[in-house]
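If you want the building blocks of each chain, they are given just below.
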Amino acid sequence: MTEERQLVVPGEVIIKSDDVLPGENTRKENGEIIALRYGLSEVSDNIAKVIPVSGVYQARRGNVVIGEIVGLTSAGWLVDVGVAENAFLSIMEVPRYVDKNALQEVFDIGDAIIAKIWNMGGRGIDLSVKLRGFGKLYEGMIFGVNPNKIPRIIGKEGSMINLIKDATGCNISVGQNGLIWIKGDTLDKELFAKKAILYVEENATKEGLTDNVTKWLSENKQ
Amino acid sequence: MSTNFKRPDGRKVNELRPIRAKVGIIPNADGSAMFATGNTIAIAAVYGPKKMHPQHLQNSEKGTLRFTYNMNSFSVSDRIKPGQNRRAIEISKISGWALEPVVDLKKFPNEVIDVYVNIIQADAGTRCAGINAASMALAHAGIPMSDLVVSISVGKLDKTIVVDLDKAEEDFEEGEGPTDIPVSLTSKGKITHIQLDGKINSEQLKEAIKAAKEAGKEIYEIQKKALKNVGEEIKYG
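Conventions and cut-offs
- Residues numbered from 1 in each chain as written.
- Chains lettered and ligands numbered in written order.
- Predicted model: local features only at pLDDT ≥ 70, side-chain atom pairs only at ≥ 80, totals over all residues.
- Pairing = 2+ DSSP bridges.
- Helix = DSSP H or I, 4+ residues; strand = E, 2+ residues; numbered from the N terminus.
- Axes fitted to C-alpha atoms, helices over the stretch in contact; angles between N-to-C directions.
- Contact = placed C-beta atoms within 7 Å.

Visitor: Give a description of the pairing of strand E5 (residues 32–35) of chain A that names residues and reports values.
Guide: Residues and elements named next belong to chain A. The pairing of strand E2 (residues 13–16) with E5 spans three bridges and is antiparallel. Across the sheet, Ile15 pairs through a bridge with Ile33, a residue of E5. Looking at chain direction, strand E4 (residues 26–29) and E5 are connected through four bridges and run antiparallel. Opposite Thr26, over in E5, you have Ala35 as the bridge partner. The turn joining E4 and E5, which pair antiparallel and follow one another in sequence, is formed by two residues; a positive phi near 50° is taken by Asn30.

Visitor: Tell me what's going on with the pairing of strand E8 (residues 64–72) of chain A, and back it up with residues and numbers.
Guide: Residue and element names in this part refer to chain A. Judged from the five bridges that link them, E8 and strand E11 (residues 112–120) form a sheet pairing that is antiparallel. Paired with Ile66 across the two strands is Ile114, which belongs to E11. Taken together, the four bridges between E8 and strand E9 (residues 76–80) define a ladder with antiparallel strand orientation. Across the sheet, residue Glu68 finds its bridge partner in E9, namely Asp80.

Visitor: Break down the sheet that holds strand E5 (residues 111–121) of chain B for me, with residues and values.
Guide: Residues and elements named next belong to chain B. Spatially, six strands are ordered E4-E5-E3-E2-E1-E10 in an open sheet, and the strand pairing comes out mixed. Two strands close off the open sheet at either side, each with one partner strand: strand E4 (64–71) and strand E10 (234–236). Pairwise comparison of adjacent strand axes, ignoring direction, gives a mean angle of 15° for this sheet. Pairing analysis gives seven bridges linking strand E2 (residues 31–37) to strand E3 (residues 40–51), with the strands arranged antiparallel. Residue pairing for E3: Met34 is matched across the bridge by Ile43. On top of the sheet, helix H1 (residues 86–99) reaches E4 and E5; it is set at about 135° to E4, its chief contact. The sheet contacts of helix H4 (residues 202–228) involve strand E1 (19–23), E2 and E10, and relative to E1 the element is tilted by about 35°.

Here it is in structure tokens:
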């Protein structure tokens, strides 16, 4: 059973049914599924949920984020990833030898890094750059988008972002906290990739997005 | 309730002032909304959840809802001194309490949700307009909430219960004089805040709350419509 997506407000009844279970951001009361958040409602496989369309980024384990080094400690780096919690990158989570007295030789204050959230505890977020593809970001540009639109920008298994990468020839990294890093051969290519991503963000809720983006890319290509 | 009572501006006793509502007015904020009834205009901006500073104000059990009500110096005909005064601090507290029951703060320990309400034009009922705007702005900011809050001021002019008082009615001098009762409720009719300024007997208070619930339904529909049409101004009445 699949219903059309609808914009719902907190407290609004999504569906009245005894067979449907409440999923993310929903609650069940007297056989009614009630939205607990502003967003798009979706009912599929007998589970109702609300997909957020606004709000600040909420960190989750496993997320890939882009952040800026804001502090050095004896055990690692403090990173600003745009969330309320402290984000910490331990020297144990860096895949190379780090001189404890010269942390700035690896990452200095002001450097941008791409990292994975490997743990979330009471004290904050723990980051890791151990895997391939993570670490310091050299050159290129970083800009922010609405973090709730990131799933659409990445697309199913990266289909959308790969489409943009192929069409622009740029290297793109997307952080789930809403920051995107682009590195291309020329500034024009980078700006074209940025425009393409902003186009996806703007039209994130529309149907047939992949086709539209393909069309947009061929129309606007220099 | 006598229905032939004449209100200064010719409204019916249960008639609201014309309402305008718009969501998404401040691009920099995480959520924002404007709510206007008649000549009263309130704008609300929501920031966060973000980390609470200074640290000693952090609550590790649940988050904090910090509500700041501010009347702009040009909002009234006699310029008021800018900044927080006794009245603004009190209304900030009251409005925060009116919204807290619906906001799920348990999800944000050590964090704060900042709500800023500015009254850019005042003609009575500013706290109600502020709460209405803040409720929409909180929802727009993606804060987990169990319901929206609507707020309405009901009053008693001499012996008649009327809704949504304007400044002229608040200064009503005849008979028993004016009584002002701002009420905030959820869309299901549960009261989250009620104040009373003046005199009223229990029978009439019940009647006033009933009138507030009726009027609240109309405001809820406007809030819902505004949230579903972000960036569009919703007009009513």
